[in-house]
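# Close look at the chain arrangement
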Amino acid sequence: MTSMTLKKNSLAGLVAAICLAGCGALPDKPARAALYDFGPGLAAPAAPPASASGSAPRALPMIALAEVDANSRLDGTQLLYRLGYADSNELRPYGQSRWSQPPAQLLRQRLREGLSAGHTVLGPEESATIARTEGRLPDSLRVTLEEFSQYFESPERSVGLVRVSATLTRSQPGGDRVLAQRSFTARKPAPTADGPGGVKALAAASDAVVAELVAWVDQAR
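Below or above, wherever it landed, is the structure these notes cover. Because the structure is predicted, anything quoted here is derived from the model rather than measured. (Residues numbered from 1 in each chain as written. Predicted model: local features only at pLDDT ≥ 70, side-chain atom pairs only at ≥ 80, totals over all residues. Heavy atoms only, no water.)

## Overview of the overall build of the protein chain
The number of helices and strands found in the protein chain is four helices and nine strands. For the protein chain, the sequential pattern of α-helices and β-strands runs α-β-β-β-β-β-α-β-α-β-β-β-α. Looking at the protein chain residue by residue over its 221 residues, the buried ones come to 35%. Taking all contacts inside the protein chain whose residues are at least 6 apart in sequence as the whole, residues at least 24 apart take part in 66%. A total of about 12800 Å² of accessible surface is found on the protein chain, and carbon and sulfur atoms cover 55% of it. (Helix = DSSP H or I, 4+ residues; strand = E, 2+ residues; numbered from the N terminus. Buried < 20%, exposed > 50% of the residue type's maximum accessible area, 1.4 Å probe, protein only. Contact = heavy atoms within 4.5 Å. Areas by Shrake-Rupley, 256 points an atom, 1.4 Å probe, with all protein chains shown as cover.)

Here it is, written out as structure tokens:
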């Protein structure tokens, strides 16, 4: 084998080694973020009770449910947590865990399900239609989501923390009258100290807040 052939073979081997090294250095495809919601939802609401005479079930009282408000920190779909043992004032996002919708929308869906067991629940547009056709407005429930985060009390222990404020109003000729107003807070333990554990804790805390809120609405009207 001539020296020229050896040089060619060596050069070809060097090029192949460089190519293999380059291929090995290529970055992996970015991992797709896991999407979460609150789960399949509550059980189907019970049918309205029939009257004593056996006639058709009575109509459920109407309530208008506005869109749930939230501050700018909670407008997105990031799954947020706080390190209470380090700096509880800082909200931090998980990199590979996200909500399928902003938390305010997920909470409103859960709240609508809960209210529909005892009420005919109307959205803003449906409420406006009732006002135009019947000349009256149903009582209105407005909810603001103030806190929605996984709160770490220590590196190993955390809770899902949900806090909302709610206002129930009634439309009258002279203007809206506040029937009741209250804040609700729920804390539920996370089964694991990570994003999936935070999702379960926040879903449970949301359900607890919704249950309290629905009971409060029924008592306030």
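Picking up after the structure, the text goes on.
## As for the nonpolar core
In terms of nonpolar packing, the biggest core is built from 40 residues, with Leu111, Leu141, Leu145, Val164, Leu213 and Trp216 touching the most fellow members. Elements supplying a minimum of two residues to this core: strand 2 (62–65), strand 4 (78–83), strand 5 (87–99), helix 2 (103–115), strand 7 (139–152), strand 8 (158–172), strand 9 (175–189) and helix 4 (195–220). Top element by residues in this core is helix 4. It accounts for 11 residues. If sequence neighbours within four positions are ignored, Leu111 has contacts with Leu65, Leu141, Val143, Val210, Leu213 and Val214. (Core = buried A, V, L, I, M, F, W, Y, C linked by side-chain atoms within 4.5 Å.)

## Digging into the pattern of salt bridges
Per the stated rule, a full pass over the model turns up nine salt bridges. Salt-bridge contacts for Arg157 lead to Glu153; the nearest nitrogen and oxygen are separated by 2.9 Å. Relative accessible area serves as the criterion here: at 29%, Glu153 is assigned to the partly exposed category. As a salt-bridge pair, Arg187 and Glu153 come within 2.8 Å of each other at their nearest N and O atoms. On the criterion of sequence distance, the pair formed by Arg187 in strand 9 and Glu153 in the loop between strand 7 and strand 8 is long-range, its members being 34 residues apart. Here the salt bridges do not stand alone but share partners, grouping Glu153, Arg157 and Arg187 into one network. (Salt bridge = Lys/Arg side-chain N within 4 Å of Asp/Glu carboxyl O.)

## So, the side chain of Arg82
By the element assignment, Arg82 lies in strand 4. Under the relative-accessibility criterion, Arg82 is labelled buried at 9%.

## Digging into the pairing of strand 7
Along any regular strand, the residues point their side chains to alternate faces of the sheet. The element strand 7 is extensively covered by neighbouring structure, given that 11 of its 14 residues are classed as buried. Taken together, the three bridges between strand 2 and strand 7 define a ladder with parallel strand orientation. From the neighbouring strand, Leu65 faces strand 7, where its bridge partner is Leu141. The sheet contact formed by strand 3 (residues 69–70) and strand 7 spans two bridges and is parallel. When the bridges of strand 7 are listed, Asp69 appears paired with Thr144. (Pairing = 2+ DSSP bridges.)

## A short note on the pairing of strand 9
Of the strand pairs in this sheet, strand 8 and strand 9 are connected by 14 bridges, and their pairing is antiparallel. Following the sheet pairing, Ser171 is matched in strand 9 by Asp176.

## With respect to the packing of aromatic side chains
For any pair of aromatic rings, geometry is given as the distance between the ring centres together with the angle between the planes. Within this structure, the stated rule accounts for six aromatic pairs. For the pair Phe38 and Trp99, a centre-to-centre distance of 5.7 Å together with 90° between the ring planes defines the contact as edge-to-face. Of the two residues, Phe38 is situated in the loop between strand 1 (34–36) and strand 2 and Trp99 in strand 5; the sequence distance between them amounts to 61 residues. Per residue, the accessibility class of Phe38 equals that of Trp99, and both read buried. Ring centres 5.5 Å apart and planes at 70° place the aromatic pair Phe184 and Trp216 in the edge-to-face group. Here Trp216 lies in helix 4 and Phe184 lies in strand 9, a separation of 32 residues in the sequence. (Phe/Tyr/Trp six-rings, centres within 6.5 Å; stacked < 30°, edge-to-face > 60°.)

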